[in-house]
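These are the residues of each chain, in order.
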Amino acid sequence: MTEVGIFGIGAYVPYWRLDRSIIGRAWGIPAMRGERAVASADEDALTMAVEAALEATAGVSPADIDGVIFASTTAPYREKQSAATIATVLDCRKDILTIDLGDSLRGATTAIRIACDTIRAGSASVVVVCAADMRQGEPESAYEQMFGDAGGAVVLASAEWATGHGFASLPVRVLTAAGVADEIIGPWRDESQRYVRSFEAKVDTQFGYAKQAVAAASRVLDHGRKPSKAVIPAPDPRAQAAVASKLDIPRETLQDLYFDTIGNTGTAAPLVMLAGALETAAAGDTVLVVGAGDGADAILMEVSPALEKARGSGTIGTLTPKIQARGQLASYESYARSRRLVERERAPMWSSAVTYWRDIPMELPLYGMTCRQCGTVQYPTGRRCMECSAPGPHEQTKLARRGRVFTFTLDHLVLGEYWNEPKPRAVVDLKGGGRLFCELTDCDPSEVTVEMPVELTFRCLHEGAGFRNYYWKGRPLRTPGAGGSEPAVGAGTSAKGS
Amino acid sequence: MPGIKDRVAVAGVGYTRYGERWESDAEDLLVEAVDEACADAGIEQSDIDAIWVGIFYPFSGMAGTGAADPLKIFGKPATRVENYCASGMDAFRNACYAVASGVVDVALACGVEKITDQGGTGLPAIGGRGHPVMPTPSAPAMFALAATRSFHVHGWTKEDLAQVAVKNHANGVHHPKAHFRRAITVEQAVSAPIVAWPLGRFDCCAVSDGAAAVIITRPETAKNLAHADDFVRVKANALAVHTAWPMFKSSMDYLGFPATRDAAALAYEEAGVKDPAREISFAEVHDCFTITEILNYQDLGFCKEGEGVHLLREGQTSPGGSIPVNVSGGLKCFGHPIGSTGCRMIVESTKQLQGRADGVQVADATLGLAHNLGGPGAVCSVTILGRNDV
């Protein structure tokens, strides 16, 4: 049978954290320990999945990708596929398989099983599985403190493809996978419900989550095999411990839930935790990955010596630096604003679905062009060169997603309204050519400087004309451990030197 | 190109008081300015053969009717000119060319904008245009990009910018038609709330209403009108257009504006000006933001690249300096009713040359320059006017 495994992995954790004590203070209730990750107002499950998928596919030519599967319970659209958008951003071919797996928290592990089977069946060689969630706990509820936002992605490939592309073998081999389907009213949310509801949590943990996770895991561990690393996402640390205990998996084998640092990341959890597990994995390790929700999936993997080499080549993303590089939200109000729990009435943004569609190559996979006469790399694309006016056709050029700030401003005037918190806008010279003018996000405006290194990040700019207008913004290129804190709301005009 | 040097005369000028004209609409403002211009030229409105009106915002009027309707001039050519913030001076250019061609005897160039009716802060947002995801920076933000870069390259500071605001506000005190007639201090300017870093409230021109009008004829006709031989000659007018997207252009240094540099070169050539710093008596330049005025000095050749702040701090651009700039108070004190500003600059410059400035009078002015810049530095119109007797 065709050998399948993980070729690349990526994890994305939004920049902002909310200390749970801030939530506790806001409502006058006990706070759980630690902090949770909070997506920015310009992020959603799709954009977080893109971030993770871009990292996971860093070592893969987009032309080699045969499929993209996106799993989430908080996909931006009820009717419109996110996987097709993600595939376009990744610059995939058109003749590929794209699937959105929704409605179940085990969507990511199910996607991995589907991807493996698809590859084994010979209808694909490389499939990207990505997942992200930004579930909303009701204000004042335990879920509000427990949930965290994140995205994860893995690239699954056949061993044949990997060896054909200069790799000795797959970094992680998938040994076996299995699953169970079961019915219990655990957490749920219907179309009219904004916040996640749940059945009595203790009953769900015992008879839903734990029972199903154990059942699935037992099926791949049935030869008495013990994993050296166990990726067992859970609603909370106690539930995880219960599953481990039933499976007789020692505590030190359990992969961190990241409950204190990120929170329960829903559908993304298995991939986020797997990224964490692979940071320290060594050749010979067996890794159990579980995903639970209306049943459960379990996948058993084995780490090969190729993982070490893959780490060096940039195809294996890490999680820890993203946990460390973070900014602290100053208040519950900041969180409430970014999640639109309180919303200012802003002027509606204008958009055109037709214009957006026509310019997809420059909006999503970020294509610019190179003048065939003077060689200037430029953006946006046009019929004539913006420097020497030479007529086209010019050469389509994929722009780099890193660069430096050439000049910037902190703009308080947004569509005729004065905003206390300015929008940083920067002219960015991209590595390898091309100049982009974009908003900067996920930063304290006062940290922006000329020459500051930035990287481009995929965001939802606005919802003009009723659809999500996705595009790129810049963010400071963070070094691990370097974070900051958000200026208090209303502090407003701070900037270097003021 | 042969150009229009000395072939066109400014025979009369008029303008409204600028400011928050809540009680007036665009019709009131335009009529007020045109009535004053006709009276100044000594003509009847019915003597006007053709109209060019500068209006930028769509709500002010969609066509040449924006002038024909208020004035009730029907059955004659009337054309709306829209060219960003340089709409007013481009209306003037079109009128000049019509007269120079010999087709039109008496032309009206005018501009009007009624911005305060839109409410909001800053310039009104333009809905239903542009691109879904391309950035929509505010006007101050587009010029702040130049300030930030200039700070980085030249070491300029917010205190340097404040010198422009202080100078122009001091000039505006004396002008009866200015929106703001109050002197300010450097401290006030520097500590004002930020609009688009590094530009604060006093670095930005205000949102104001206003209209301005200019009567243009051939010199032979002007001689027989109210000012007789004391009319003003158009020595040059040049318009240069660059990209509306300079922020994407790799060669854009953000230390000045190519449109100004090009328009100035064309205008100097047409007027025969070799050394602008010496030959130009005064200039009304587009100080939409303080940084713009400093960069204008350099782009217009009043000083070398990087020496704009030096020229300013030496007092050379203050009244009594070698080249006084914006003795009217400029956009800083008049605000910027978009379509009108270019025409107002022609009004101010004409009156200076005739020795009847409404505010500070420059002594022995013989050659004046007016500079109107639009968009993110994308469109520039430069006009050079001269006294008839020199």
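Residues numbered from 1 in each chain as written. Chains lettered and ligands numbered in written order. Predicted model: local features only at pLDDT ≥ 70, side-chain atom pairs only at ≥ 80, totals over all residues. Heavy atoms only, no water.

Caption draft 1: A look at the overall build of chain A. For chain A, the helix and strand inventory stands at 14 helices and 23 strands. Against the 2.2 N^0.38 benchmark of 23 Å for 498 residues, chain A shows a C-alpha radius of gyration of 23 Å, consistent with a compact globule. Taken over the C-alpha atoms alone, chain A extends approximately 70 × 60 × 40 Å along its principal axes. Here chain A, with 498 residues, has 58% of them falling under the buried criterion. Total accessible area on chain A stands at roughly 19,700 Å², and carbon and sulfur atoms take up 51% of it. (Helix = DSSP H or I, 4+ residues; strand = E, 2+ residues; numbered from the N terminus. Rg over C-alpha atoms; globule rule 2.2 N^0.38 Å. Buried < 20%, exposed > 50% of the residue type's maximum accessible area, 1.4 Å probe, protein only. Areas by Shrake-Rupley, 256 points an atom, 1.4 Å probe, with all protein chains shown as cover.)

Caption draft 2: The arrangement of the sheet that holds strand S9 (residues 282-284) of chain B in detail. Residues and elements named next belong to chain B. Read across the sheet, nine strands follow the order S3-S2-S4-S7-S1-S8-S11-S10-S9 without closing on themselves; strand pairing throughout is mixed. Among the strands making up the open sheet, the edge pair consists of strand S3 (78-81) and S9. Across the sheet, the mean angle separating the axes of adjacent strands is 25° when strand polarity is ignored. Where strand S2 (residues 50-54) and strand S4 (residues 106-113) come together, five bridges link them in parallel fashion. (Pairing = 2+ DSSP bridges. Axes fitted to C-alpha atoms, helices over the stretch in contact; angles between N-to-C directions.)

Caption draft 3: Focus on the pairing of strand S8 (residues 232-241) of chain B. Residues and elements named next belong to chain B. Counting buried positions along S8 gives eight out of ten residues, so the element sits mostly inside the fold. Bridge count between strand S1 (residues 9-15) and S8: two bridges; the pairing is antiparallel. Of the residues in S8, the one forming a bridge with Val10 is Val232. As defined by bridge partners, S8 adjoins strand S11 (residues 379-387) across nine bridges and the pair is classed as antiparallel. Each residue of the ladder has a partner; that of Arg233, found in S11, is Gly386.

Caption draft 4: Structural detail: the packing of helix H7 (residues 201-220) of chain A against helix H8 (residues 237-247) of chain A. Residue and element names in this part refer to chain A. Interaxial distance between H7 and H8 falls to 10 Å at its minimum, and their mutual angle equals 40°. When the interaxial angle is binned, H7 and H8 end up oblique. The element H7 and its partner H8 pack so that their crossing is right-handed. Two secondary-structure elements touch here, H7 through Thr205, Tyr209, Ala210, Ala213, Val214, Ala217 and Ser218 and H8 through Ala239, Gln240, Val243, Lys246 and Leu247. Residue composition of the contact of H7 with H8, grouped by class: eight nonpolar, three polar and one charged. (Parallel < 35°, antiparallel > 145°, perpendicular 65-115°, else oblique. Left-handed = near helix turned anticlockwise from the far one by under 90°. Contact = heavy atoms within 4.5 Å. Nonpolar A, V, L, I, M, F, W, Y, C, P; charged D, E, K, R; others polar.)

Caption draft 5: How the structure looks around the side chain of A:Gln212. Residue and element names in this part refer to chain A. Relative to the helices and strands, Gln212 resides in helix H7. On the accessibility criterion, Gln212 (3% relative accessible area) is buried. In this structure the side chain of Gln212 is engaged in a polar contact, spanning 3.2 Å, whose partner is the backbone nitrogen of Gly295. Not counting the four nearest positions on each side in its chain, Gln212 is found in contact with Val180, Asp182, Ile184, Asp294, Gly295 and Ala296. (Polar contact = N/O pair within 3.5 Å; in protein donor to acceptor, adjacent residues only side chain to side chain.)

Caption draft 6: Spatial organisation of a negative patch on the surface. All names here are of chain B. A contiguous patch of negative charge on the surface is contributed by Asp25, Glu27, Asp28 and Asp69. Here Asp25 shows up in the loop between S1 and helix H1 (26-41). Using a relative accessible area of 35% as the deciding quantity, one classes Asp25 as partly exposed. (Patch = residues over 30% accessible without salt bridge, like charges linked within 9 Å, V, L, I, M, F, W, Y side chains within 5 Å. Salt bridge = Lys/Arg side-chain N within 4 Å of Asp/Glu carboxyl O. Lys, Arg positive; Asp, Glu negative; His and termini not counted. Charge placed at Lys NZ, Arg CZ, Asp CG, Glu CD.)

Caption draft 7: Just the interface of chain A and chain B, in detail. Each side of the interface is counted separately: chain A has 43 residues, and chain B has 35 residues. When the buried area of chain A at its contact with chain B is split by residue, A:Trp350, A:Arg435 and A:Phe437 rank highest and sum to 20% of it. Where chain A meets chain B, there are zero salt bridges. Here chain A and chain B share 17 residue pairs in polar contact (both at pLDDT 80 or more) between them. Of all the secondary structure elements, the ones that give two or more residues to the side of chain A that touches chain B are helix H13 (353-358), helix H14 (360-363), strand S18 (402-414), strand S19 (417-430), strand S20 (435-439), strand S21 (453-462) and strand S22 (469-476) of chain A. Per-element tally for the side of chain A that touches chain B: the top contributor is S18(A), with eight residues. Here the residues of the side of chain A that touches chain B are counted per class, giving 21 nonpolar, 13 polar and nine charged. (Buried area = accessible area lost by both parts, 1.4 Å probe.)

Caption draft 8: Geometry of helix H4 (residues 139-154) of chain B. Residue and element names in this part refer to chain B. End to end, H4 covers 23 Å across 16 residues, agreeing with the expected 22 Å (1.5 Å per residue, within 8%). Where burial is concerned, most of H4 is hidden: twelve out of the 16 residues are buried. Looking at H4, one finds that the buried residues are Pro140, Ala141, Met142, Phe143, Ala144, Leu145, Ala146, Ala147, Thr148, Arg149, Ser150 and Phe151. Directly beyond the C-terminal end of H4, a positive phi value near 75° is found at Gly155. (Expected span 1.5 Å × (residues − 1).)

Caption draft 9: Representation of the nonpolar core within the structure. A:Val68, B:Phe92, B:Ile216 and B:Phe302 are the most contacted members of the largest nonpolar core, which has 168 residues in total. With nine residues, helix H2 (residues 45-56) of chain A is the largest single contributor of residues to this core. For A:Val68, the residues in contact, after removing those within four places along its chain, are A:Ala83, A:Ile86, A:Ala87, A:Leu90, A:Cys92, A:Ile96, A:Leu97, A:Thr98, A:Ile99, A:Val128 and A:Cys130. Listed in part, the 76 residues of the second largest apolar core include A:Met146, A:Tyr258, A:Ala275 and A:Ala310. (Core = buried A, V, L, I, M, F, W, Y, C linked by side-chain atoms within 4.5 Å.)

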